[in-house]
Amino acid sequence: MDKAPDKDTRRGTADTTGAAPGRGSGAARVAAPATDEARTAAAESGAVVPQRGDGHRSPAEIEAQIERTRAHLAQTIEHIGERISPRNVTRRGVRRVKAQVVDEAGRLRRKQVAIAGAGVLVLMGLLVLRWRRSSRAGQVLCRPV
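Here goes a summary of the coordinates provided. Since the model is a prediction, treat every value here as computed from it, not as a measurement.

## Here we look at the overall build of the protein chain
Scanning the protein chain from N- to C-terminus turns up five helices and zero strands. Listing every helix and strand of the protein chain by position from the N terminus yields α-α-α-α-α. Here the protein chain holds 145 residues, and 6% of them are scored as buried. At a minimum sequence separation of 6, the contacts of the protein chain that also span at least 24 residues come to 2%. Carbon together with sulfur atoms contributes 59% to the accessible area of the protein chain, which is approximately 12900 Å² in total.

## What to know about a positive patch on the surface
Taken together, the side chains of Arg87, Arg91, Arg95 and Arg96 define a basic patch exposed on the protein surface. You can see Arg96 is positioned in helix H4 (residues 86-101).

## Focus on the packing of helix H3 (residues 59-84) against H4
With their axes 5 Å apart at the nearest point, H3 and H4 run at an angle of 55 degrees to one another. With respect to their mutual orientation, H3 and H4 come out oblique. Contacts between H3 and H4 involve Glu82, Arg83 and Ile84 on the former and, on the latter, Pro86, Asn88, Val89 and Arg92. By residue class, the composition of the contact of H3 with H4 is three nonpolar, one polar and three charged.

What counts and what doesn't
Residues numbered from 1 in each chain as written. Predicted model: local features only at pLDDT ≥ 70, side-chain atom pairs only at ≥ 80, totals over all residues. Heavy atoms only, no water. Helix = DSSP H or I, 4+ residues; strand = E, 2+ residues; numbered from the N terminus. Buried < 20%, exposed > 50% of the residue type's maximum accessible area, 1.4 Å probe, protein only. Contact = heavy atoms within 4.5 Å. Areas by Shrake-Rupley, 256 points an atom, 1.4 Å probe, with all protein chains shown as cover. Patch = residues over 30% accessible without salt bridge, like charges linked within 9 Å, V, L, I, M, F, W, Y side chains within 5 Å. Salt bridge = Lys/Arg side-chain N within 4 Å of Asp/Glu carboxyl O. Lys, Arg positive; Asp, Glu negative; His and termini not counted. Charge placed at Lys NZ, Arg CZ, Asp CG, Glu CD. Axes fitted to C-alpha atoms, helices over the stretch in contact; angles between N-to-C directions. Parallel < 35°, antiparallel > 145°, perpendicular 65-115°, else oblique. Nonpolar A, V, L, I, M, F, W, Y, C, P; charged D, E, K, R; others polar.

Laid out in structure tokens, this is it:
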């Protein structure tokens, strides 16, 4: 079995955009700002700044990127904290249960309530049986000699 050659090899042309393979080599390239001051201003405004031809970024660009990353990370952590807080988890659970037993008009769905009630009764019956069996076993073991 021969492997199929990549798209560029089949065409017989090389990728001249300089983009990384597999990353949309046909995408338009963004021109880098001409001066360091323009690059710094663009980086601080949150714009995506392409690297200079030599592949190095100025300290101001790096600091701006770090600040954007910190802000994004702080926002992500706050969002995760809100999602996993016990109060919010409880609220979502209650909403799911209500959605199962109450229709859009606010009326009870009798069939679902009956099924849930029967399940609770069966569970209670099993717990009572278990409790009675364990209490009988305890009485036998605790007889005076």
